[in-house]
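Here is what each chain is made of, one letter per residue.
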Amino acid sequence: MRCNLTEAEQKAALEVSFLCTGEEQEFIERCFSGYLFFEREQNEMGRDGVSTECTRCGRKVWWTDREWKDFKRQHGAKERSCVMCPDCGKDVTLYARGRLRNGNSLDEYRQIVLLRVIDGALHAVALLARKHHGRWESDEAEADVKAAYYFTEGKCQKWKRQWVWSGEQYVPKLVPQKSMTEPFADCQCWSCYKPGNYAVHGVDQIAASPLKYCAAEQFFNLYDDDTREITMGLLTYLGLWTRYPRVEQLTKAGCNLIIQDAIQGSMNSRALNWRAKTMPAFFRLDKPAAKRLLAAGIGRRELDALEVVHWSGLTLEQALMVYDRIGGKDERKRCRAALQEVNADVLVLARYLEKHQRRDARLWLDYIDAAKRLGYDLARRDVAFPKNLQGAHDSAIAAIQYEENEAARKAYEKKYQKLVKKYSFTAMGLSVVVPEDDRQIINEGKILHHCVGGYAERHMAGAATILFLRKEKTPWRSYITVEMCGKKGNDIRQIHGYRNERKDGKRLASPQERHGAFIDLWLAWLNAGSKRDKNGRPVLPVKGEKTA
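Attention here is on the structure that accompanies the text. If you're wondering where the values come from, they're calculated on a predicted model, not measured in any experiment. (Residues numbered from 1 in each chain as written. Predicted model: local features only at pLDDT ≥ 70, side-chain atom pairs only at ≥ 80, totals over all residues. Heavy atoms only, no water.)

## Let's talk about the overall build of the protein chain
Moving on, step 1. Counting its regular elements, the protein chain contains 20 helices and 18 strands.
Moving on, step 2. For the protein chain, buried positions account for 43% of its 548 residues.
Moving on, step 3. In the form shown here, the protein chain has an accessible surface area of approximately 31200 Å², with 48% of it arising from carbon and sulfur atoms.
Moving on, step 4. On the protein chain, the mean spot of the 90 positive side-chain charges and the mean spot of the 73 negative ones are 9 Å from each other. (Helix = DSSP H or I, 4+ residues; strand = E, 2+ residues; numbered from the N terminus. Buried < 20%, exposed > 50% of the residue type's maximum accessible area, 1.4 Å probe, protein only. Areas by Shrake-Rupley, 256 points an atom, 1.4 Å probe, with all protein chains shown as cover. Lys, Arg positive; Asp, Glu negative; His and termini not counted. Charge placed at Lys NZ, Arg CZ, Asp CG, Glu CD.)

Shown next, in the form of structure tokens:
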């Protein structure tokens, strides 16, 4: 929500003095924790005793040792326990002033907003207050202005304190803001957590201002003497009312979710008409439907259903049924585009999903996206809404994957010839075979019951090298799988056969144990450069040894 004061109005509003009154200063003091400090001290007559000072009333009292012991016994008081000040009757914490040292351990910060009517307009000042208790005495609370606000009927403005260069040094200055936001933001860093809530003083001033009908006290449960930091969103709410007086009706009707969304910056404009003059028009419904909606209560489901009503033209009850079937905001957005593609009504889709027992439209939307990529005729009703949705979806996805893998296979052809030249090897009745495509690797994993199928895409992309160790007489039958590694790809990372050499919980002989001589010969040939003769047969590093 944008601020709308002119420059002249901003200048006039800032010229108004806003100094804290005695009542406001007393409220600021009450926002901090109260202490009853005690310390051993002699009186004017030189008698030993205990002196106390209450930070609530500020009164100092000297006690004899007997009086102090009686006070502690009567109240069951111990150090750092809660007691009642004997003078003002306020709840305070008993604390030994001698433990304070520099006093920083009790420093407190409070976020406070002061409201006051000045010249017929409601002004607000957001303060960050600090309280320090020294070794010898407690200081009065100090406050820095963080932001200032101006509200009147139809207009609002926010100023934020910023450090501006004056030509000689940086000085604090209230700079006008374009949008109405809260003065304190949530801090959720790793070292601390500080919420953006604040205490409010001057709640009665709202009733004496042009905003007296805004119902802010009802929405936020405000009490003028409440010093707790429990309020957040009040100033944004007041700004909303200046632009949209309907906020009062929404508050009294219990539409809290709509107001909370608006405070957080979401006006739900796709579902609501904030410029409407009547409540039914605000919800884009007729009178009976609006009454039923307000009587049932408005939650997130109803708000989303109102959005469906806006773009589909359905009744509220139909929109609620559609919302329950389609899903969240992303699904609704995708459905609008998809339904235009298939030239169908959203109610048809909802009934179709209900028939297939689907609680959202994701599966159907994924099918439509796949069908568009494959060039299906979505104008046909049996294509757009297949009888077997799951089967049609799986078939379309499989077809797309096949097309994508086909492109990868074409890119793999050149790489395949290089791998064959480097790794293909036959000797001692065994052969090293290079997989022709990803399907062979996937089938290898299924047959041997291990995880090599998950390496298929990496092998096709060149990120991994998968090889098959087969018996020379049956090169088509899965036997052992090898993964290579190393800078030159000449080292074995892992080599496994059926079920990773495990059966009934027992470990079987490893491929190295069964075919160690062949593996050593093959690796020696690899490290020697994978040399071949004119006929393409491997040239073994040891002269005179025959190859197959």
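So, next bit.
## Description of the sheet that holds strand 1 (residues 35-42)
Moving on, step 1. The 5 strands are arranged 3-2-1-5-4 in an open sheet whose pairing can be described as mixed. Looking at which strands have only one partner, the edges of the open sheet turn out to be strand 3 (60-63) and strand 4 (82-84). Neighbour to neighbour, the strand axes of the sheet diverge by 40° on average, direction disregarded.
Moving on, step 2. Here 4 bridges tie strand 1 to strand 5 (residues 91-96), and the two strands are oriented parallel to one another. When the bridges of strand 5 are listed, Leu36 appears paired with Leu94. (Pairing = 2+ DSSP bridges. Axes fitted to C-alpha atoms, helices over the stretch in contact; angles between N-to-C directions.)

## Considerations on the packing of aromatic side chains
Moving on, step 1. Throughout the structure, instances matching the rule amount to 21 aromatic pairs.
Moving on, step 2. Pairing Trp364 with Phe385 gives two aromatic rings, centres 5.6 Å apart and planes at 10°, and the pair type is stacked. Here Phe385 lies in the loop between helix 16 (381-384) and helix 17 (389-423) and Trp364 lies in helix 15 (residues 362-374), a separation of 21 residues in the sequence. Phe385 shares its class with Trp364; the two are buried.
Moving on, step 3. Put simply, the rings of Phe38, Trp63, Trp68 and Phe71 pair up and form one aromatic cluster. (Phe/Tyr/Trp six-rings, centres within 6.5 Å; stacked < 30°, edge-to-face > 60°.)

## Some words on the side chain of Thr481
Moving on, step 1. Among the secondary structure elements, Thr481 is positioned in strand 15 (residues 480-485).
Moving on, step 2. Judged by relative accessible area, which is 6%, Thr481 ranks as buried.
Moving on, step 3. Within polar-contact distance, the side chain of Thr481 engages the side chain of Glu444 at 2.9 Å.
Moving on, step 4. Beyond its immediate sequence surroundings of up to four residues, Thr481 is in contact with Glu444, Leu448, His450, Val452, Ile466, Leu467, Phe468, Gln494, Ile495 and His496. (Polar contact = N/O pair within 3.5 Å; in protein donor to acceptor, adjacent residues only side chain to side chain. Contact = heavy atoms within 4.5 Å.)

## Things to note about the environment of Arg458
Moving on, step 1. On the secondary structure map, Arg458 appears in helix 19 (residues 456-461).
Moving on, step 2. Not counting residues within four places of it along the chain, the set of residues in contact with Arg458 comprises Ala463 and Ala464.

## Digging into unusual backbone geometry
Across residues other than glycine, the phi torsion is negative in most instances, and most of the peptide bonds are trans.
Moving on, step 1. Residue Met428 is not a glycine yet carries a positive backbone phi of 55°.
Moving on, step 2. Here Met428 shows up in the loop between strand 12 (425-427) and strand 13 (430-433).
Moving on, step 3. Phi at Ser530 is positive, roughly 55°, even though this residue is not glycine.
Moving on, step 4. Relative to the helices and strands, Ser530 is located in the segment after helix 20 (511-527).

## Quick look at the pattern of salt bridges
Moving on, step 1. The full count for this structure, using the stated rule, is 29 salt bridges.
Moving on, step 2. Between Glu29 and Lys131 there is a salt bridge whose closest N-O contact spans 2.7 Å. Taken together, the residues span a long stretch of sequence, with Glu29 in helix 2 (residues 22-30) and Lys131 in strand 7 (residues 121-131) at a distance of 102 residues.
Moving on, step 3. Classification of Lys131 by relative accessible area gives buried; the value is 6%.
Moving on, step 4. Its salt-bridge partner being Lys372, residue Glu341 comes within 3.8 Å of it at the nearest N-O pair. Pair noted here: Glu341 is in helix 13 (residues 329-342) and Lys372 is in helix 15, with a separation of 31 residues, a long-range link.
Moving on, step 5. Because the salt bridges share partners, they merge into one network encompassing Arg270, Asp304, Glu307 and Arg332. (Salt bridge = Lys/Arg side-chain N within 4 Å of Asp/Glu carboxyl O.)

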